[in-house]
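# A closer look at the structure
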Amino acid sequence: MGERGGEHHRRFAVPAVLELLELRPGESLLDIGAGQGVLAPHAAAAGANYTGVDASERLIRLARRRHGRCGRFLIGDARRLRSTPGLEAAAFEAAVFLLSIQDMDDLEAVLASAGWALRLGGRLVLLMRHPCFRIPRQSGWGWDRSRKLEYRRIDRYLSPLHVPNRVELRGGSARTLSFHRPLSDYVNGVATAGLVLDGMREIAVPRWDGERSRFAREGSGEIPLFLGLRALKLGTRGEHRPGSGLARHVTSR
Ligand SMILES: C[S@@+](CC[C@H](N)C(=O)[O-])C[C@H]1O[C@@H](n2cnc3c(N)ncnc32)[C@H](O)[C@@H]1O
């Protein structure tokens, strides 16, 4: 994707994340599933102390080479951040999953781990493909001839899915897995981790974006491509009663 990320990243995902994070100078940010560290220069420009964690040694090497001056990069598993050397409990004012949470399983362990890393009052931002409208291989654009309208077709939504992908790379290809889950899994997962949702953004990609570019296929601008959620770590687990009531009821299938 190059040093600064792909076009969707640069133009839509990164700005949405920065808006939700509201970083202030001197704050510490943990980027979970940081990949090649696309977010690091933006965090550094905001004056934040950046730490990126990723399970891939290869991507962390690349991130250090490209963005090492913007912060530190650690190899670690998002499900077990407490076992990552260099990370401590309650050390971060902010944490983010930038297009990474849908590549991770299990969700409950990953969100609990992010909660462990956050200070009281800290904020967690999740930026993902919109789980209601962008279900890999189970959604797409269609053309309604009678009404002369483009529509978004959703074939499957409530059932979780894991979707194998083949990624073409310079010098070969790689296989990855991504996970579709319904929106309630994220909302209730955040609650179970002891966090409280306090903001949400739904980001549509404009149909005509300057020149007639690849964005032209992205519908009327009414169907969002990305979903951003922000949650706060407030009080203790006991005060929040995580996992009680609706959260427990809806997540159990
Ligand atoms: C689609 S990439 C996004 C990378 C980066 N946030 C970005 O926006 O460019 C997803 C990343 O999640 C990482 N990942 C997947 N499972 C992980 C886990 N359990 N722990 C840490 N990183 C993980 C992958 O190695 C990959 O770098």
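A few points on the structure. (Residues numbered from 1 in each chain as written. Predicted model: local features only at pLDDT ≥ 70, side-chain atom pairs only at ≥ 80, totals over all residues. Heavy atoms only, no water.)

## Describing the overall build of the chain
We count it as follows: Going along the chain from the N terminus, every DSSP run of H or I of four or more residues is numbered as a helix, and every run of E of two or more is numbered as a strand. Throughout, exposure labels follow a simple rule: accessible area from a 1.4 Å probe, protein chains only, divided by the maximum for the residue type, with under 20% read as buried, over 50% as exposed, and the rest as partly exposed. Between two residues, a contact is recorded if the distance between any of their heavy atoms is within 4.5 Å. Only the protein chains shown count as cover for residues, with accessible areas throughout obtained via the Shrake-Rupley method and a probe of 1.4 Å.
The secondary structure content of the chain amounts to seven helices and eleven strands. Burial status across the chain gives 48% buried among its 253 residues. Residue pairs in contact within the chain that sit at least 24 positions apart in sequence constitute 64% of those at least 6 positions apart. If you sum the accessible surface of the chain, you get close to 13,200 Å²; carbon and sulfur atoms cover 50% of it.

## A word on the pairing of strand S4 (residues 92-98)
In plain terms, the rule: When DSSP locates at least two bridges between a pair of strands, those strands are taken to pair.
Across the seven residues that make up S4, a large majority, seven, are buried. Where strand S1 (residues 28-32) and S4 come together, three bridges link them in parallel fashion. Following the sheet pairing, Leu29 is matched in S4 by Ala94. In terms of strand pairing, S4 meets strand S5 (residues 118-129) through six bridges, oriented parallel.

## What about the packing of aromatic side chains?
The condition that has to hold: Pairing of aromatic rings covers Phe, Tyr and Trp, the last counted by its six-membered ring, and requires centre-to-centre distances within 6.5 Å; plane angles under 30 degrees mean stacked, over 60 mean edge-to-face, and any other angle means tilted. Lysine and arginine charges are scored as sitting over a ring when NZ or CZ, respectively, is within 6 Å of the ring centre and within 35 degrees of the ring normal.
Counted by the stated rule, this structure contains one aromatic pair. Across the ring face of Trp141, the terminal group of Arg152 is positioned such that the distance to the ring centre comes to 4.8 Å.

## Remarks on the packing of helix H4 (residues 107-117) against helix H5 (residues 183-192)
Where we set the bar: Angles here are taken between N-to-C directions and fall from 0 to 180 degrees, while the axes themselves are lines fitted to C-alpha atoms, restricted in helices to the stretch in contact. Roughly parallel here means an angle under 35 degrees, roughly antiparallel means over 145, roughly perpendicular means 65 to 115, and every remaining angle is called oblique. Whether a crossing is left-handed or right-handed is set by the direction in which the near helix is turned from the far one by less than a right angle, anticlockwise for left-handed and clockwise for right-handed. Only Asp, Glu, Lys and Arg are considered charged in this grouping, and only Ala, Val, Leu, Ile, Met, Phe, Trp, Tyr, Cys and Pro are considered nonpolar; every other residue, Gly among them, is considered polar.
With their axes 9 Å apart at the nearest point, H4 and H5 run at an angle of 45° to one another. Judged by the inter-axis angle, H4 sits oblique to H5. Judged by the twist between their axes, the crossing of H4 over H5 is right-handed. The residues of H5 that touch H4, namely those facing Leu107, Glu108 and Leu111, are Asp185, Tyr186, Gly189, Val190 and Thr192. A class-by-class count of the residues in the contact of H4 with H5 yields four nonpolar, two polar and two charged.

## Considering H4
It helps to recall that an α-helix has 3.6 residues per turn; residues three or four apart then point in one direction. To keep things clear, this is the line we draw: Pairs of N or O atoms are called polar contacts if they sit within 3.5 Å, as long as, within protein, a hydrogen donor faces a hydrogen acceptor (for residues adjacent in sequence, only side-chain-to-side-chain pairs).
By the criterion of burial, H4 is predominantly enclosed, with eight of the eleven residues buried. The complete set of buried residues in H4 reads Leu107, Val110, Leu111, Ser113, Ala114, Gly115, Trp116 and Ala117. The N-cap of H4, judged by a side-chain oxygen 3.2 Å from the amide nitrogen of Glu108 a few residues on, is Asp106.

## Considerations on the site of the ligand
This is how the line gets drawn: In these notes, residues near a molecule or strand are those with any non-hydrogen atom within 4 Å of it.
Taken together, 18 residues lie near the ligand, and His9, Gly33, Asp54, Ala78 and Leu98 sit nearest. Between the ligand and Asp77, the relevant distance is 3.0 Å, taken from a nitrogen atom to a side-chain nitrogen or oxygen of the residue. The separation between a nitrogen atom of the ligand and a polar main-chain atom of Leu98 is 2.7 Å. For the ligand, the accessible surface in isolation is 590 Å², of which the surrounding protein chains cover 81%. Across the shell around the ligand, the residue classes tally to nine nonpolar, six polar and three charged.

## Side note on the sheet that holds strand S3 (residues 71-75)
Strand order across the open sheet formed by seven strands is S3-S2-S1-S4-S5-S11-S10, with mixed pairing between neighbours. Of all the strands in the sheet, just S3 and strand S10 (195-203) have a single pairing partner and so form its edges. Averaged over all pairs of adjacent strands, the angle between strand axes in this sheet comes to 20°, irrespective of strand direction. Along the sheet, H5 contacts S5, S10 and strand S11 (226-233); its crossing angle with S10, the most-contacted strand, is approximately 150°.

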